[in-house]
Amino acid sequence: MANIRKKSIIDLSDWDIKELRKLRITIKNRLSSLESFRKDSKDLPDNHPLQGMEVAECKSLLENVMRAEKAL
């Protein structure tokens, strides 16, 4: 299983395809949660890569992940 918690989301160049896929799925799930349960969305743990991110930041990161996947 790909472990994305210990990796930096700033530089996606050192991520492999499995890690990028897991991050993409995680971002989509988080976006769904934020959009559906705006006020009641669950806080993420401190070591989670998406901790503290809002909808716009998640969408931007999703675009970067999709570009990084295409580059591989």
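Look above for the structure.
Heads up: these notes are all about the structure in this document. (Residues numbered from 1 in each chain as written. Predicted model: local features only at pLDDT ≥ 70, side-chain atom pairs only at ≥ 80, totals over all residues. Heavy atoms only, no water.)

Bringing the side chain of Glu 69 into the picture now. Summarising the element assignment, Glu 69 is placed in helix 2 (residues 55–71). In this structure, Glu 69 is in contact with Ile 17, Leu 20, Arg 21 and Arg 24, ignoring residues within four places of it in sequence. (Helix = DSSP H or I, 4+ residues; strand = E, 2+ residues; numbered from the N terminus. Contact = heavy atoms within 4.5 Å.)

Grouped together as the largest cluster of nonpolar side chains are 18 residues, with contacts concentrated most on Leu 12, Trp 15, Leu 23, Ile 27, Leu 61 and Val 65. Where this core is concerned, the elements lending two or more residues are helix 1 (17–36) and helix 2. If we ignore the near neighbours within four places in the chain, the residues touching Leu 23 are Ile 4, Ile 9, Leu 12, Trp 15 and Val 65. (Core = buried A, V, L, I, M, F, W, Y, C linked by side-chain atoms within 4.5 Å. Buried < 20%, exposed > 50% of the residue type's maximum accessible area, 1.4 Å probe, protein only.)

Here we come to helix 2. With 17 residues, helix 2 ought to run about 24 Å at 1.5 Å a step, and its terminal C-alpha atoms sit 25 Å apart, in line with that. Structurally, helix 2 contributes buried residues whose contacts are with helix 1. (Expected span 1.5 Å × (residues − 1).)

Further remarks concern the packing of helix 1 against helix 2. The contact between helix 1 and helix 2 brings their axes to 10 Å, and the two run at 155 degrees. When the axes of helix 1 and helix 2 are compared, the pair comes out roughly antiparallel. Every pair of crossing elements has a handedness; the one defined by helix 1 and helix 2 is left-handed. In this structure, helix 1 contributes Ile 17, Leu 20, Arg 21, Leu 23, Arg 24, Ile 27, Lys 28, Arg 30, Leu 31, Leu 34 and Glu 35 to the contact, and helix 2 contributes Val 55, Cys 58, Lys 59, Leu 61, Leu 62, Val 65, Met 66, Ala 68 and Glu 69. A class-by-class count of the residues in the contact of helix 1 with helix 2 yields 13 nonpolar, no polar and seven charged. (Axes fitted to C-alpha atoms, helices over the stretch in contact; angles between N-to-C directions. Parallel < 35°, antiparallel > 145°, perpendicular 65-115°, else oblique. Left-handed = near helix turned anticlockwise from the far one by under 90°. Nonpolar A, V, L, I, M, F, W, Y, C, P; charged D, E, K, R; others polar.)

Read these as geometric descriptors, not functional statements.
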